[in-house]
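So the chains spell out like this:
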Amino acid sequence: MNSMAVFRLIFLVVFLGWLVVWIMLPTKLYKNTWTPKLNSKLNSTYFSGQGTNLLLLSFPMMFIAALGCIYLHAKKQQRSSYSKSVVTSNRLSFLRRPALVMAPLGTVTAMELAFVAMFIALLIWSLGNYVYVSFGHLHIHKQGEKVWQTKFRTVSLRLGYVGNICWAFLFFPVTRGSSILPLVGLTSESSIKYHIWLGHLSMILFAAHTVGFVIYWAVTHQMAQMLEWSRTWVSNVAGEIAAVLALAMWVTSSYRIRRKMFEVFFYTHQLYILYIVFYVLHVGAAYFCMILPGIFLFVIDRYMRFLQSQRRARLDSARLLPCGSVELTFSKSPGLYYNPTSILFLNVPSISKLQWHPFTITSSCKMDQDKLSVAVKRLGNWSQKLCQEISSSVDRLEVSVEGPYGPNSSHFLRHEQLVLVSGGSGIAPFISIIREIMFESTKPNYQVPRVLLVCAFKNSADLAMLDLLLPINDTPANISQLQLQIEAYITREEEQPIADNQKLLQTIWFKPNQLDSPICGGLGQNNWLWLGAIIASSFIMFLLILGIVTRYYIYPIDHNTEEIYHFSYFVLWDMFLLCACIFLASSAVFLFRKKENATEGKQIQNLEVPTPTPSPASWFRNADRELESLPHRSLVQATKVHFFARPDLKRILFDCKASDVGVLACGPRKMRHEVAKICSSGIADNLHFESIGFNW
């Protein structure tokens, strides 16, 4: 057994042990037998009533997160070449096939469906056991209270307990730089749907919990309880404030509002900070420790993103395409590594100081070692303002970035053939894939997959997006060595437009500024090791300081005086120490690494503005003219344009006869669902589907 297998075994054992604790938590055995023994040994004067939950529910996931960073670093060091033996489509491919394709769930694989079923079973198991144990010893809270009223209150309370289980998992999918997601082969953009599912589920449970208590107070004539902020127990007011904040975020996070009014969704969702504070004030310190790992790792990630975004990125140029899209090219540190289909978050203070938007990286990290490019489609208000500002002949544009974030490996290279199906701006992630394959094809004796790109556009001007397949700089791009076939479909034009109306592709070069710096990872090349150091040191520091504060400040008040320490103050100490320890550890590592990152930046060179060149849309209407560029000529020869037509996806996919065909789809949800249904039909076993969706 090699070292990597030992790591995986440790992760599995610790994670299963953590799940066992959650399974046993609501049972009578845990409450009556385990709890007294655990509390007597773990709830010391250093941690008060938090000791048990810190050890059993917080420590395992923090241990996995810290050790996982070491594992990912070692795995990154070993990944010097790709091997065809990595293909996983032989034995367990059925688990990765779409098992359910429907809105609003999207594309759900068999493996995801199995985990969802197990999670729902855990919630049902927990609720059933909580209610069963509680009904065994009902506590009448008010004289004259009826049994059914007590049971109703008990069920409402336990619904909140079950919702707390959802919170234990809620923040893992949105922690972009965490080691948890890569350990299970996920990325933040691919797992965002899990955050959405958990958010809906927790809101349903918490809404039932809140409404249940309001009804209980009403029927027992205790409405004054709604205004209670107890000194010795949970705060009802804090819970009600959290419920109102959660409702606002829930309503504005619907699909229609996110797509049509992104700003409303974005700004309302920033209420999550207040939501967390009041939610934790409501549940108390002991229950906060149950959901601590997800929040702890999220705060680390959020603060590291904040530190990275304080530096202005060096924007070198912008390519304005006739279709209205623009490709932004930044300088980057040669040590910054990312994989195709990665995304970069952009902030332009002149447009909005608060809004951050994700865009697909179109460049290849291997082909463009000191450049990084992203494609921006003019869709919403923010992107329209960005394109207008770039077109207004500005000399310099201030841009801050977060990322890049993406998959941990270039897994698509393992297939024999790739079929890339895109609609509109969905072609952007496939540009980075083709550029990566273009680079790998230059290696001697290295076999790259054949590529079939099926792209659908509304107008012929959108064909200019294909020009992004060729890098902007002088990097060699021998596309002629690829087995590349492009089938482009124009859905709203019946014939070729007049060539004289064709706009020119324009490249704008920005003046250099010494205040700008190349894009680099906040923690440098050994980012996983440094992230592991931050996680471990900040958590250990948190435990040490929490123990000191509890033992030498809180404990004397509780035991040496008649005064009882305020219930909510425990939580305030926890949240304050958590943030303080994270800020100290992260800032120290970031500042230490900042000097090394600065030395990797290259001096800016003055560049002359080149002459505008025709866009690819004109190539296909003048294919008989002599083209000076070999890559351009190869691209034209590989492309076939179909006017006023839509791709017959079923025919295209079933005509692929390779033994291992990777099918990637990106674009409108309806199109992705259609491709998923074809691949999951079972007619062709050689099709292996993967959806690339960025529906934020």
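The rules we used
Residues numbered from 1 in each chain as written. Predicted model: local features only at pLDDT ≥ 70, side-chain atom pairs only at ≥ 80, totals over all residues. Heavy atoms only, no water. Helix = DSSP H or I, 4+ residues; strand = E, 2+ residues; numbered from the N terminus. Buried < 20%, exposed > 50% of the residue type's maximum accessible area, 1.4 Å probe, protein only. Contact = heavy atoms within 4.5 Å. Areas by Shrake-Rupley, 256 points an atom, 1.4 Å probe, with all protein chains shown as cover. Polar contact = N/O pair within 3.5 Å; in protein donor to acceptor, adjacent residues only side chain to side chain. Patch = residues over 30% accessible without salt bridge, like charges linked within 9 Å, V, L, I, M, F, W, Y side chains within 5 Å. Salt bridge = Lys/Arg side-chain N within 4 Å of Asp/Glu carboxyl O. Pairing = 2+ DSSP bridges. Axes fitted to C-alpha atoms, helices over the stretch in contact; angles between N-to-C directions. Core = buried A, V, L, I, M, F, W, Y, C linked by side-chain atoms within 4.5 Å. Parallel < 35°, antiparallel > 145°, perpendicular 65-115°, else oblique. Left-handed = near helix turned anticlockwise from the far one by under 90°. Nonpolar A, V, L, I, M, F, W, Y, C, P; charged D, E, K, R; others polar. Expected span 1.5 Å × (residues − 1). Bend = angle between axes of the 7 residues up to and from the residue. Phe/Tyr/Trp six-rings, centres within 6.5 Å; stacked < 30°, edge-to-face > 60°. Lys NZ or Arg CZ within 6 Å of the ring centre and 35° of its normal.

Of regular secondary structure, the chain possesses 22 helices and 16 strands. A total of 696 residues make up the chain; the buried ones form 53% of that total. Nonlocal contacts in the chain, meaning residues at least 24 apart in sequence, comprise 80% of its contacts between residues at least 6 apart. Accessible area of the chain: about 32,600 Å², with a carbon and sulfur share of 60%.

With that out of the way, let us pick up the side chain of Ser 587. Looking at the element boundaries, Ser 587 is found in helix α18 (residues 567-600). In this structure Ser 587 comes out as buried when scored by relative accessible area, which is 19%. Only 2.6 Å separates the side chain of Ser 587 from the backbone oxygen of Phe 583, close enough to count as a polar contact. If sequence neighbours within four positions are ignored, Ser 587 has contacts with Tyr 303, Leu 307 and Ile 582.

Here we take up a nonpolar patch on the surface. Together, Val 6, Ile 10, Leu 55, Phe 59 and Phe 63 give the surface a local cluster of nonpolar side chains, amounting to about 380 Å² of exposed area. Looking at the nonpolar patch, the elements that each hand over two or more residues are α1 (3-24) and α3 (51-78). The element best represented in the nonpolar patch is α3, accounting for three residues. Checked against the element boundaries, Ile 10 lands in helix α1.

Okay, the sheet that holds strand β16 (residues 687-691) next. Reading across from one edge, β14-β11-β10-β9-β15-β16 is the order of the six strands in this open sheet, with parallel pairing throughout. On the outer flanks of this sheet lie β14 (639-643) and β16, each paired with one strand and no other. Between one strand axis and the next, the sheet turns by 15 degrees as a mean value, whatever way the strands run. Direction of pairing for strand β9 (residues 417-423) relative to strand β10 (residues 450-457): parallel, over a ladder of seven bridges. The residue of β10 that forms the bridge with Val 419 is Leu 452. Across the face of the sheet, helix α16 (residues 428-440) comes into contact with β9, β10, β11 (484-490) and β15 (661-666) while running at roughly 155 degrees to β9.

All right, on to the pattern of salt bridges then. As a working rule, side chains carrying opposite charge can pair if their charged atoms are close by. Considering all chains together, one arrives at 18 salt bridges under this definition. Here Asp 368 and Arg 435 are joined by a salt bridge, their closest N and O atoms 3.7 Å apart. Taken together, the residues span a long stretch of sequence, with Asp 368 in the loop between β6 (357-360) and β7 (371-376) and Arg 435 in helix α16 at a distance of 67 residues. Residue classification places Arg 435 among the buried positions, given a relative accessible area of 1%. In this structure, a network of salt bridges that share partners links the residues Arg 176, Asp 301, Arg 302, Arg 305 and Glu 402.

Our focus in this paragraph is the nonpolar core. Core analysis: the biggest nonpolar cluster contains 91 residues, and Trp 167, Tyr 275, Tyr 279, Phe 296, Ile 535 and Phe 542 have the highest contact counts within it. Broken down by element, the residue count for this core peaks at eleven residues, all from α3. The next biggest cluster of nonpolar side chains, apart from the first, holds 38 residues, and it includes Cys 323, Ile 434, Leu 453 and Leu 505.

With that settled, the discussion passes to the packing of helix α9 (residues 236-252) against helix α12 (residues 272-283). The interhelical angle for the contact between α9 and α12, taken along N-to-C directions, is 150 degrees, at an axis separation of 8 Å. Of the possible angle classes, the one that applies to α9 and α12 is roughly antiparallel. Classified by chirality, the crossing of α12 by α9 is left-handed. Mapping the contact onto sequence places Asn 236, Ala 238, Gly 239, Ile 241, Ala 242, Leu 245, Ala 246 and Met 249 in α9 and Tyr 272, Leu 274, Tyr 275, Phe 278, Tyr 279, Leu 281 and His 282 in α12. Along the lines of polarity and charge, the residues of the contact of α9 with α12 split into twelve nonpolar, three polar and no charged.

It is worth spelling out the environment of Asn 347 at this point. Here Asn 347 is to be found in strand β5 (residues 343-347). Residue Asn 347 is classed as buried on the basis of its relative accessible area of 3%. C-alpha of Asn 347 to C-alpha of Pro 358: the two residues are eleven residues apart in sequence and 9.3 Å apart in space. Of the polar contacts made by the side chain of Asn 347, one reaches the backbone oxygen of Lys 353; its length is 3.4 Å.

Taken in spatial order, the three strands line up as β6-β5-β8 in an open sheet, and their pairing is antiparallel. On the outer flanks of this sheet lie β6 and β8 (400-405), each paired with one strand and no other. Ignoring strand direction, the axes of neighbouring strands in this sheet form an average angle of 25 degrees. For β5 and β6, the ladder comprises four bridges, and the chain directions are antiparallel. Looking across to β6, one finds that Phe 345 is bridged to Pro 358.

Moving on, we get to helix α2 (residues 28-42). An ideal rise of 1.5 Å per residue puts 21 Å on 15 residues; α2 measures up with 20 Å between its terminal C-alpha atoms. Taken as a whole, α2 carries its principal kink of about 50 degrees at Trp 34; the proline Pro 36 stands between one and four residues after it.

Turning our attention to the packing of aromatic side chains. This model, assessed by the stated rule, comprises 36 aromatic pairs. The interplanar angle of 80 degrees and the centroid separation of 5.3 Å between the aromatic rings of Tyr 130 and Tyr 161 together place this pair among those described as edge-to-face. Here Tyr 130, found in helix α5 (residues 110-136), pairs with Tyr 161, found in helix α6 (residues 147-170); they are 31 residues apart in sequence, far enough to count as distant. For the pair Tyr 130 and Tyr 161, one class covers both residues: buried. Relative to Phe 539, the ring of Phe 296 has its centre 5.7 Å away and its plane inclined at 80 degrees; by these criteria the two rings are edge-to-face. One end of the pair, Phe 296, is in helix α14 (residues 292-309); the other, Phe 539, is in helix α17 (residues 527-560), and 243 residues separate them in sequence. Taken individually, Phe 296 and Phe 539 each receive the classification buried, so the pair is uniform in this respect. Cluster of aromatic residues (ring-pair linked, three or more members): Trp 167, Phe 171, Phe 206, Tyr 272, Tyr 275, Tyr 279 and Phe 298. A cation over an aromatic ring shows up here: Arg 176 above the ring of Phe 345, its NZ or CZ 3.7 Å from the ring centre.

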